[in-house]
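The primary structure of each chain is shown beneath.
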Amino acid sequence: MVADKSKQVFSPRDTTLFPLQIEEVRVRQGDTVEAGTVLLTLKTAPGKTLAMRSPLAGTVTQIAAGVGDSLANPRALVILTEADDDMIDGEWEEAADHPSPSPGDTAAESTDRARPDTASDLPPRRDSRNRRGPLVGIAAGLAALALAYPLYGEDLLQALRTTDPSAHTASTKASSASSGTPTAMTRAAETAPYSGPLSKTAMRARDLGDQRQGLTDAQRFVGLGVLRIERGDRNSLDCEAVVVSDRFAAISTICYEPAIAEYGEQDNMRMSFQTLRPIIARNERGERDEVPGLSRLRRLDVEALHVWPGMVGKDGVASIALAEFASAAPGSIGSSGFWRFTKNSAPPVLAFRGVALDDPGRYHRLALNCRYWLAENAETSGNRPLSLGTDPDCARDAGPRRGAIRARHENGKMYFAGFFTSQRRSGKIVRHAVAFSPADTELLRLAKNGDALPDNRMTVRPGKRLEAGGKGLGLRFSNPCDRTIAFHILGSNTMSARQRLLTYKVTAGRATPVEWHLEPAYSRIGIGQRDRGPIPGSRRKTFDGKRLDLVPFKNKSGMELQVTAICD
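Bear in mind that the values here come from a model prediction, so they are computed numbers and not experimental data. (Residues numbered from 1 in each chain as written. Predicted model: local features only at pLDDT ≥ 70, side-chain atom pairs only at ≥ 80, totals over all residues. Heavy atoms only, no water.)

### Concerning the overall build of the chain
Part 1: Helix and strand content of the chain: five helices and 33 strands.
Part 2: Within the chain, the fraction of its 568 residues that count as buried is 50%. (Helix = DSSP H or I, 4+ residues; strand = E, 2+ residues; numbered from the N terminus. Buried < 20%, exposed > 50% of the residue type's maximum accessible area, 1.4 Å probe, protein only.)

This is how it looks when you write it as structure tokens:
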């Protein structure tokens, strides 16, 4: 591999936790560990205990601390050797026998070396693809129920049945109140604009502190990727997804809310979670740097998508669905912490984060930070998601159009807090966000802890799986440029000294499926874009008199790369 096989797992980078003291060391040098194995525990200055878990399966090659040692600054504590990955972030979570901090929902916390995200305010994310006006929606809903009952019977009614008795009480009170003549005070209360802490006036007046609006550099969003939904002859649908445990990722029902006919077994449907990680190599100065245009591709089969169309227990309405993986996600993908902010704990800005599989450099390590406020006529009850609008002058046409939002907690850390989407109005891009409801965080907490999910759910079960991996290194090529781009693939058989050169052309705006071009007999391959000079990690090769700048890899089965064209 191009990248060093030794992976350093660092202590937390949050300086408010120091000094740290090593409480336990649970592994020894030479031990083989699985992803998630507790390596050691530390006591923080505030008195909490942190469990340091291995982010990958590998071998412990060095332990740089002992029981009782005190740490004044962040540093590497354990070095692991792992054969398959190119870059790994250590994952930290609070020890199980200690209560979580106020966000409470921290599944994992990245120790990425990039500087922390600058928080910014995000708009609510709701795609109205399957929604209509109130009367049309009611009629369509009744018709759908009538058609679906013979197929799903009591299961469907159970899924849609509310479990909150207060809902009936509230509607009864509303009905009885409307039967009388409303007073002027009642009419005024119904039409009075919202003027609380999330009002436009209040949020515009808030001090941003060290945060600013616009595009900023940001650390990696651990667990962010895409749920790709392929439905027979229809075009595939990509929904931004965030991994919250090794078995589940969350998506917004704004992006995909299944039709009644899509519940149950779907023979012609395939779902997969996909994410990209940068390849790291040495540059000409000997420093570790990201290799432009090359990414480690991770694809996971999804065996079920769970949706809650009704109330989730007594916690209210959910805005997310949970994609369940067919097998446990590798530790290198990581999992995100999450937080539900309220009207009284909302930060002054939100951070909008996007992901583009076909052009990963577009939003890589970028966040769009914007002011926000409660959307006009939005529901303000505590058991519903917060519907938010954003400052229309924030970044105008720059930044992602949809994705996930992160919010800065008062402890200074960034947490996954919801999803967003956008639309163009009067020539401007207007973003809308949906921040988590109590029901959302309850679902995320159950998914994180591996507990049983609420029964009143509807489930889509795709019948297809990802194609079986071929022999050797899998490659997917993507060309976001406006012209055809050619790539070189040079295979080398180290036993016979035989070489083979392939040239692969990709038309503008196209991405290929994953393909296996060279059998394992070519134990090493070099990959490069034709007519480009040296890049970090590349080596100069000569073939039939041609000089090629290629990045070398082992031609190893079970690994997939994405090669993305670098546009001029």
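Okay, back to it.
### What to know about the state of the cysteines
Part 1: Under the counting rule described, the total for this entry stands at three disulfides.
Part 2: Across the disulfide, Cys239 is cross-linked to Cys255 (sulfur-sulfur distance 2.1 Å). Judged by the sign of its S-S torsion, about -90°, the cystine formed by Cys239 and Cys255 is left-handed. Taken together, the residues Cys239 in strand β13 (residues 237-243) and Cys255 in the loop between β14 (248-252) and β15 (264-282) connect sequence positions 16 residues apart.
Part 3: Classification of Cys239 as buried rests on a relative accessible area of 0%. (Disulfide = S-S within 2.5 Å.)

### Here's the deal with the packing of aromatic side chains
Part 1: What the rule picks out here adds up to nine aromatic pairs.
Part 2: Aromatic rings pair up to connect Phe221, Phe416, Phe419 and Phe436 into one cluster.
Part 3: Cation over ring: Arg406 sits above Phe221, and NZ or CZ is 4.5 Å from the ring centre. (Phe/Tyr/Trp six-rings, centres within 6.5 Å; stacked < 30°, edge-to-face > 60°. Lys NZ or Arg CZ within 6 Å of the ring centre and 35° of its normal.)

### Some words on helix α5 (residues 438-449)
Part 1: For α5, built from twelve residues, the straight-helix expectation of 16 Å at 1.5 Å per residue is met to within 8% by its first-to-last C-alpha distance of 16 Å.
Part 2: The positive-phi residue at the C-terminal boundary of α5 is Gly450, with phi of around 75°. (Expected span 1.5 Å × (residues − 1).)

### A closer look at a positive patch on the surface
Part 1: On the surface, Arg524, Arg539, Lys541 and Lys554 cluster together to form a positively charged patch.
Part 2: As for its position among the elements, Lys541 is in strand β31 (residues 539-543). (Patch = residues over 30% accessible without salt bridge, like charges linked within 9 Å, V, L, I, M, F, W, Y side chains within 5 Å. Areas by Shrake-Rupley, 256 points an atom, 1.4 Å probe, with all protein chains shown as cover. Salt bridge = Lys/Arg side-chain N within 4 Å of Asp/Glu carboxyl O. Lys, Arg positive; Asp, Glu negative; His and termini not counted. Charge placed at Lys NZ, Arg CZ, Asp CG, Glu CD.)

### Side note on the sheet that holds strand β3 (residues 32-33)
Part 1: Strand order in the open sheet made by the four strands is β1-β8-β6-β3, with antiparallel pairing throughout. Looking at which strands have only one partner, the edges of the open sheet turn out to be β1 (6-10) and β3.
Part 2: Relative to strand β6 (residues 58-63), β3 runs antiparallel, the two sharing two bridges. If you follow Val33 over to β6, its bridge partner there is Gly58. (Pairing = 2+ DSSP bridges.)

### Focus: unusual backbone geometry
Part 1: Along the chain, Phe18 connects to Pro19 via a cis peptide bond; the corresponding omega equals 0°.
Part 2: By secondary structure assignment, the location of Pro19 is in the loop between β1 and β2 (20-25).
Part 3: In this model, Ala497 sits at a positive phi of 65°, which is unusual for a non-glycine residue.
Part 4: For Asp531, which is not glycine, the phi torsion reads 70° and is therefore positive.
Part 5: Examined against the element boundaries, Asp531 turns out to sit in the loop between β30 (524-529) and β31.
Part 6: Judged by relative accessible area, Asp531 falls into the exposed class, the value being 74%.

### Things to note about the pairing of β31
Part 1: Bridge analysis of β31 against strand β32 (residues 546-554) gives five bridges, and the strand direction is antiparallel. When the sheet's bridge partners are listed, Arg540 is paired in β32 with Asp549.
Part 2: Linking β31 to β32, which pair antiparallel, is a turn of two residues; within it Asp544 sits at a positive phi near 50°.

### Observations concerning the nonpolar core
Part 1: One finds Leu227, Tyr256, Met271, Phe273, Leu305 and Phe325 to be the most contacted residues of the largest nonpolar core, which totals 25 residues.
Part 2: Of all the secondary-structure elements, those providing two or more residues to this core are β12 (224-231), β13, β14, β15, β16 (288-307), β17 (320-325) and β24 (458-464).
Part 3: When sequence neighbours within four positions are dropped, the list of residues in contact with Phe325 reads Val243, Ser245, Asp246, Arg247, Phe248, Ala249, Phe273, Leu300, Asp301, Val302 and Glu303. (Core = buried A, V, L, I, M, F, W, Y, C linked by side-chain atoms within 4.5 Å. Contact = heavy atoms within 4.5 Å.)

### Thoughts on the environment of Leu357
Part 1: Of note, Leu357 is situated in the loop between β18 (349-353) and β19 (366-374).
Part 2: When its relative accessible area of 5% is taken as the criterion, Leu357 is described as buried.
Part 3: Once residues within four sequence positions are removed from consideration, Leu357 is found in contact with Val226, Arg228, Asp238, Gln274, Leu276, Arg476 and Gln562.

### Thoughts on the side chain of Glu324
Part 1: As for its position among the elements, Glu324 is in strand β17.
Part 2: Only 2.8 Å separates the side chain of Glu324 from the side chain of His306, close enough to count as a polar contact.
Part 3: With residues near it in sequence (within four places) discarded, Glu324 still touches Arg247, Phe248, Asp301, Val302, Glu303, Ala304 and His306. (Polar contact = N/O pair within 3.5 Å; in protein donor to acceptor, adjacent residues only side chain to side chain.)

### Some points on the confidence of the model for the chain
Part 1: Of all residues in the chain, 80% attain a pLDDT of 70 or more, and the chain-wide mean is 79.
Part 2: Note that pLDDT drops below 50 for residues 83-189; the model gives that stretch 262 contacts with residues more than four away or on any other chain. (pLDDT = per-residue confidence, 0-100.)

### Some remarks on the sheet that holds β30
Part 1: Pairing is antiparallel in the open sheet, where five strands are placed in the order β27-β26-β30-β32-β31. Looking at the sheet topology across the chains shown, the edges are occupied by β27 (498-506) and β31. The average angle at which neighbouring strand axes cross in this sheet is 40°, direction not considered.
Part 2: Where strand β26 (residues 485-493) lies against β27, nine bridges are found, and the strand directions are antiparallel. Bridge assignment links Ala486 to a residue of β27, and that residue is Lys505. (Axes fitted to C-alpha atoms, helices over the stretch in contact; angles between N-to-C directions.)

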